[in-house]
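Each chain, written out:
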Amino acid sequence: MKRKLLVPILVVFATILTITSSFYFINVFINEKNIDTLDHALKSVIDLQASAVYNGYFAWTKLYDLAVQGDLTGAYDLAKDIKNEFPLIDSVEIDQGPPPPENYVVTLDGELLRIEYAIRDDIEVNTAPDTYAVTIIQAIKLLNFIAPNEYRIDTAKGRKSAYGIPIVARTTLFSAPNILIISVISILIIWILLQRYYKKSSFNLDMRGLESIIYLFEQTEKASASHSRNVAILALFIGKLLKFSRQRLKNLYVAAILHDIGKIGIPTNIITKTGKLDPREYSQMKQHPVISARILNSFKQFDRLSDIVLYHHEREDSSGYPEGLKGKDIPLESKIIAVADVFEALVGERPYRNPIHPSSAFEKMKQMPLDQHIVAILVEHYGELGSFKPPKWVLSYSPWMFSA
Ligand SMILES: [Fe+2]
């Protein structure tokens, strides 16, 4: 029970963690990009404003003359209108001191932007020698002017933007829209992953269940108890030589494991009979591929394999059963299982005869209406079978039921 819950819990946590961290990095990336754009906008607004203030007020002979005469109050009276013209500007001052080397110089003082202006005449040839003007703007006002409520000033953690203004995005990872998107994506991915997990678990469970039935059934005929597993490994070996894809190999393996499951529908006295079957018994025996296919059809996970098991006794010259198909109409997987089945039957232990040596078995098989291309592949590579390592997903390579 604990193990059954562990995988879904891990899937839920891993998905939420992955989606949230992806969102975090996307968020950081988008914010960085936005601050880059904001940086340009901020600089432009500050420079345009400073330039407009300079040209409108501080390159003005009337104000210049008052400044040169030392009448700072008179000069201020002319300049105080700036606050009405430019609402972002909080205060204006005319002070004594060395003028800035440029028309204006912008500096940041905490969260305040301080813009110092030189005071010049109309033609900008003469500069008042010991006087300068200052306008102060709150940086947050500028930010809200450009992008209302999207950013804040943070002198400790903010990223330095235009003229060093430290900016942080107000949007957080856990804002309501982000939580909604993270939840929807997580639920969708968790649903897909768990569907896949349960489908796979159910496939394995059905597989183990059917395998156990085959094992129990084969116990009635001790000598061939591992027949299906041997056929499946042989089929897998041939499928690998034919370069089957992973999924096709899995299908082949499962079909080979279950190819004779229909024998549970045949009377035991016919299955265990060591002598020749009479015509009525033989006709009953020939029904086992049909029953195998019917059983697989009743499991959603295996129904696509039913044709493979249905035709595993068909032969190239149409002498097989149940439908007497010709070679070209028989599925390749059925032909492989047929070759593996005949070979295993010939070399395996049986109560009514001694096992045949593989080389004799191959000679016999060369005379049979089996697919001779597959027989030739098995003959050529038989020596490699001992070192063949089946894939990890093979359930019954070592007969696990014996160890129970
Ligand atoms: Fe069979």
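Just so it is clear, the model here is predicted, and its values are computed rather than measured.

(A) The arrangement of the sheet that holds strand β3 (residues 112-120) in detail. One open sheet accounts for 4 strands, arranged β1-β4-β3-β2; its pairing is antiparallel. On the outer flanks of this sheet lie β1 (89-96) and β2 (104-109), each paired with one strand and no other. In this sheet, adjacent strand axes meet at a mean angle of 25° when their direction is disregarded. Where β3 and strand β4 (residues 127-138) come together, 8 bridges link them in antiparallel fashion. Residue pairing across strands places arginine 114 opposite isoleucine 136, the latter belonging to β4. Together, β3 and β4 form the strand contacts of helix α2 (residues 61-68), whose direction differs from that of β4 by roughly 115°.

(B) Quick look at the domain arrangement of the chain. When cut into domains, the chain gives domain 1 (2-173) and domain 2 (203-403). Centre-to-centre, using C-alpha coordinates, domain 1 lies 81 Å away from domain 2.

(C) A look at the nonpolar core. Among the nonpolar cores identified, the biggest contains 56 residues, and Tyr253 and Met365 are the most heavily contacted of them. Within the second largest apolar cluster, 42 residues are counted, among which are Leu42, Ala59, Ile119 and Ala139.

(D) A look at the packing of helix α7 (residues 227-241) against helix α15 (residues 372-381). Relative to each other, α7 and α15 sit at 95°, their axes nearing to 10 Å. Taken together, the axis directions place α7 and α15 in an arrangement best described as roughly perpendicular. Facing Leu234, Phe237, Ile238 and Leu241 of α7, the residues of α15 in contact are Ile374, Ile377, Leu378 and His381. Split into classes, the residues belonging to the contact of α7 with α15 amount to 7 nonpolar, 1 polar and no charged.

(E) Just α2, in detail. Those residues of α2 that fall on the buried side of the exposure criterion are Leu63, Tyr64, Leu66 and Ala67. For α2, the buried positions fall inside an angular range of 165° around the axis, keeping them on one side. Glycine 70 sits one or two residues past α2 and shows a positive phi near 85°.

(F) Inspection of the sheet that holds strand β7 (residues 166-169) at higher detail. Strand order in this open sheet of 3 strands is β5-β7-β6, and the pairing throughout is antiparallel. Of all strands in the sheet, those with a lone pairing partner are β5 (151-153) and β6 (159-160), marking the two edges.

(G) Structural detail: the pairing of β3. Bridging between β2 and β3 involves 6 bridges; their strand directions are antiparallel. Bridge assignment links valine 105 to a residue of β3, and that residue is glutamate 116. The hairpin turn running from β2 into β3, its antiparallel successor, is 2 residues long, and glycine 110 in that turn takes a positive phi close to 65°.

(H) Structural context of the coordination of the iron ion. Listed as protein donors to the iron ion are Asp260 (OD), His288 (NE2), His312 (NE2) and His313 (NE2); their distances from the metal cover 2.1 to 2.3 Å. Angles of 84 to 170° at the metal separate the 4 donor atoms of the iron ion, which places the site in the irregular class. All donors of the iron ion belong to a single chain; written as a sequence motif, their spacing is D-x27-H-x23-H-H. In this pair, histidine 288 sits in helix α11 (residues 288-297) while histidine 313 sits in the loop between α12 (306-310) and α13 (332-347), placing the two residues 25 residues apart along the sequence. For histidine 313, a relative accessible area of 14% translates into the label buried.

Rules behind the numbers
- Chains are numbered independently. Their residues run from 1 in the order of the written sequence.
- Reporting in this predicted model follows two pLDDT cut-offs: at least 70 for local features of residues, and 80 or more for side-chain atom pairs to be given and counted; totals over whole chains, interfaces and linings ignore these cut-offs and use all residues.
- Where side-chain values are given, they derive from all heavy atoms of the structure, hydrogens and water being excluded.
- Each pair of strands is called paired provided DSSP finds at least two bridges between the two strands.
- Numbered from the N terminus, helices here are DSSP runs of H or I no shorter than four residues, and strands are runs of E no shorter than two.
- Note on geometry: axes are lines fitted to C-alpha atoms, helical ones only across the stretch in contact, with angles between N-to-C directions running from 0 to 180 degrees.
- Throughout, a residue-residue contact means that at least one pair of heavy atoms, one from each residue, lies within 4.5 Å.
- An automatic or database domain assignment provides the domain bounds reported here.
- Remark: nonpolar core denotes a set of buried residues (Ala, Val, Leu, Ile, Met, Phe, Trp, Tyr, Cys) joined through side-chain atoms within 4.5 Å.
- The cut-offs for exposure are 20% and 50% of the maximum accessible area for each residue type, with area from a 1.4 Å probe on protein chains only; residues under the lower value are buried, those over the upper are exposed, and the others partly exposed.
- In what follows, roughly perpendicular refers to angles from 65 to 115 degrees, roughly parallel to angles under 35, roughly antiparallel to angles over 145, and oblique to any angle outside these ranges.
- All amino acids are sorted into three groups, where Ala, Val, Leu, Ile, Met, Phe, Trp, Tyr, Cys and Pro are nonpolar, Asp, Glu, Lys and Arg are charged, and the leftover types, Gly among them, are polar.
- The directions considered for the arc are those from the helix axis to the C-beta atoms.
- Only nitrogen, oxygen and sulfur atoms qualify as donors, provided they sit within 2.8 Å of the metal or within 3.2 Å for Na, K and Ca; with water excluded from the atoms, sites may seem incomplete.
- A four-donor site is classed as tetrahedral when every donor-metal-donor angle falls between 85 and 135 degrees; four donors are called square planar, and six octahedral, when trans pairs exceed 155 degrees and all remaining angles lie between 65 and 115, with any other arrangement labelled irregular.

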